[in-house]
Amino acid sequence: EAESHKLSVGSEAMDPEAKKDGGSGEAGGEGASTATSKKLLNVNIGVLGHVDSGKTSLVKALSTTLSTAALDKHPESRKRGITLDLGFSNFQIDIPEHRQKDFEGYDKIQFTLVDCPGHASLIKTVIGGAAIIDLMILVIDINKGIQTQTAECLVIGEILSERMIVALNKVDLIPKDKRQEKIAKQKKKLQAVFKRTKFGKDIPMITTVAAPGGGLLHKEGPKKSANDDTVDISLLVKTLVNTLQVPQRVTRGNFRFAIDHCFQIKGQGTVMTGTVLEGTVHVNDLIEITGLGIERKVKSMQMFRKPVKKASQGDRVGICVTSLDASQLERGVACSPKVIPTIQAAVACVNKVRFFKGDVKSDSKFHCTIGHATVMASALFFGKNVEAEK
């Protein structure tokens, strides 16, 4: 991460979202009007799947603009060849003619890709990433089908995402003479699985080759460029556009912001990058960092390299404040002052995940995850459906 934070002093000094060569880097969401005449709709796409299914390679093939935490920049991720933390990048498209009526008022769509880890021990990180998405891409290695973490990601998707697309990756590893037969057979198997979920058997399934030849992107780069021989990446983008519904954004009310990375820039301040969960924030607004119990004024903001004056629900943004030690904060929540209390207990409406076979009993200990925070909690279940749900 250190290299990505050596940023120039000046109008781009904060630069929480470093730009890949050739990227456009325009601002997104409601704040876009301050940086460009084009009005952008920002949507957050979660990319989930089993470890080594090719999620990060697919994200690289799609992306034009990278954040400071994109494509496994963590040294341990590169060393082990797996994603260990959330990664963020984006690409933009003009709204096609057949959907201009649906997206009236917008000129472009900015897809912010949330690359989630696939390893079993990082499932809490996946939950934190899934909580901010508008649509989910489930990446499946077509040669292996549904695997353990694929199933877990599917469960998370059922809870947190209304729509999903399946990317059947690594089709180039199937011999050409058997490829179509294998694809048809795997799709039939998967349709039987998805039929039992809320997404249904007619869920879009797109075949892809993100890293031709099975190259390890993390260690030595793909064996070929991700742009060569890529199968149906354009079809995947078209499917995203056709599946997407205009998100209903809550731009009024109290501001809430999920922080996923935090770093210091010498001479500028501390940058918190994350996603606006609710409301709107402006430059010079006073915000509270709840985990630390402190309030700071917003000095400046950027969305994928472009300065903006405000950010609203759904926007991916870097917020710069002063007098904050970045080492004290990695993940957390920022908000309008005094709107998020610290609680010891809560009453919540809950549903048992239908794939969980064990009993869910009162006085049991559970991991309780809200956003990026996970704590142990004791549960007391009550209500007329308690016995039936066991």
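In this report, we go over the structure that sits alongside the text. (Residues numbered from 1 in each chain as written. Predicted model: local features only at pLDDT ≥ 70, side-chain atom pairs only at ≥ 80, totals over all residues. Heavy atoms only, no water.)

**Describing the sheet that holds strand 12 (residues 294-297)**
Strands sit in the order 12-11-17-8-9-16-13-14 across an open sheet of eight strands; the sheet is antiparallel. Of all strands in the sheet, those bounded by a partner on one side alone are strand 12 and strand 14 (306-308). Averaged over neighbouring strand pairs, the angle between their axes works out to 35 degrees when direction is ignored. Looking at chain direction, strand 13 (residues 300-303) and strand 16 (residues 316-321) are connected through three bridges and run antiparallel. Among the inter-strand pairings, Met301 is bridged to a residue of strand 16, identified as Ile319. (Pairing = 2+ DSSP bridges. Helix = DSSP H or I, 4+ residues; strand = E, 2+ residues; numbered from the N terminus. Axes fitted to C-alpha atoms, helices over the stretch in contact; angles between N-to-C directions.)

**Points about the pattern of salt bridges**
Counting across every chain of the model gives ten salt bridges. When the shortest N-O distance is used, the salt bridge between Asp94 and Lys108 registers 3.1 Å. Here Asp94, found in strand 3 (residues 87-94), pairs with Lys108, found in strand 4 (residues 108-115); they are 14 residues apart in sequence, far enough to count as distant. (Salt bridge = Lys/Arg side-chain N within 4 Å of Asp/Glu carboxyl O.)

**Comments concerning helix 4 (residues 148-160)**
Taking 1.5 Å per residue, 13 residues should reach 18 Å; helix 4 reaches 19 Å between its end C-alpha atoms and fits that length. Those residues of helix 4 that sit buried are Gln149, Thr150, Cys153, Leu154, Val155, Ile156, Gly157 and Glu158. (Expected span 1.5 Å × (residues − 1). Buried < 20%, exposed > 50% of the residue type's maximum accessible area, 1.4 Å probe, protein only.)

**Details of the side chain of Thr112**
Mapped onto the elements of the fold, Thr112 is located in strand 4. Take Thr112: its relative accessible area is 1%, and that puts it in the buried class.

**Let's talk about the pairing of strand 19 (residues 373-379)**
Relative to strand 19, strand 18 (residues 364-370) runs antiparallel, the two being bridged by seven bridges. Each residue of the ladder has a partner; that of His367, found in strand 19, is Met376. Turn length for the strand 18-strand 19 hairpin, with the two strands adjacent in sequence and antiparallel, is two residues, and the turn residue Gly371 shows positive phi of about 65 degrees.

**Quick look at the nonpolar core**
Judged by nonpolar contacts, the single largest core of 28 residues is most densely connected at Ile45, Leu58, Leu62, Phe91, Ile109, Phe111 and Leu240. No other element matches helix 6 (residues 233-243), which puts five residues into this core. Non-local contacts of Phe91, meaning those with residues more than four positions away in its chain, are made with Leu62, Ser63, Thr64, Ile109, Gln110, Phe111, Leu113, Val237 and Leu240. Core analysis: the second largest hydrophobic core is formed by 27 residues, Phe88, Cys116, Met164 and Val166 among them. (Core = buried A, V, L, I, M, F, W, Y, C linked by side-chain atoms within 4.5 Å. Contact = heavy atoms within 4.5 Å.)

**Observations regarding the packing of aromatic side chains**
In this structure the tally under the stated criterion is three aromatic pairs. On the basis of an interplanar angle of 25 degrees and a centroid distance of 5.0 Å, the ring pair of Phe91 and Phe111 is categorised as stacked. Here the residue Phe91 occupies a position in strand 3, and Phe111 occupies one in strand 4, the gap between them amounting to 20 residues. A single burial state applies to Phe91 and to Phe111, both of which are buried. Ring centres of Phe255 and Phe257 lie 5.9 Å apart, and the angle between their planes is 20 degrees; this geometry places the pair in the stacked category. In this structure, Phe255 and Phe257 share a single accessibility class: buried. Sitting over the ring of Tyr106, Lys39 keeps its end group 5.1 Å from the ring centre. Directly above the aromatic system of Phe88 lies the positively charged group of Arg316, at a separation of 3.4 Å from the ring centroid. (Phe/Tyr/Trp six-rings, centres within 6.5 Å; stacked < 30°, edge-to-face > 60°. Lys NZ or Arg CZ within 6 Å of the ring centre and 35° of its normal.)

**Some details on the environment of Ala377**
Of note, Ala377 is situated in strand 19. Counting along the chain gives ten residues from Ala377 to His367, while the straight-line C-alpha distance between them is 6.2 Å. With near-sequence residues (within four places) excluded, Ala377 lies in contact with Ser364, Lys365, Phe366 and Cys368.

**As for the environment of Ala131**
As for its position among the elements, Ala131 is in the loop between helix 3 (123-130) and strand 5 (135-141). Judged by relative accessible area, which is 42%, Ala131 ranks as partly exposed. In the structure, Ala131 is positioned 26 residues away from Gly157 in sequence and 9.5 Å away in space, judged by C-alpha atoms.

**Some words on the sheet that holds strand 4**
Within a sheet, neighbouring strands are paired by backbone hydrogen bonds and run either parallel or antiparallel to one another. Across the sheet, seven strands lie side by side as 2-3-4-1-5-6-7; this open sheet has mixed pairing. With partners counted over all chains shown, the strands left at the sheet margins are strand 2 (65-66) and strand 7 (205-207), one partner each. Where strand 1 (residues 40-49) lies against strand 4, eight bridges are found, and the strand directions are parallel. Directly across from Val47, in strand 4, lies its bridge partner Asp115. Packing against the sheet, helix 5 (residues 176-194) makes contact with strand 5, strand 6 (164-169) and strand 7, and its axis sits at approximately 155 degrees to strand 7.

Geometric values such as these leave the question of function open.
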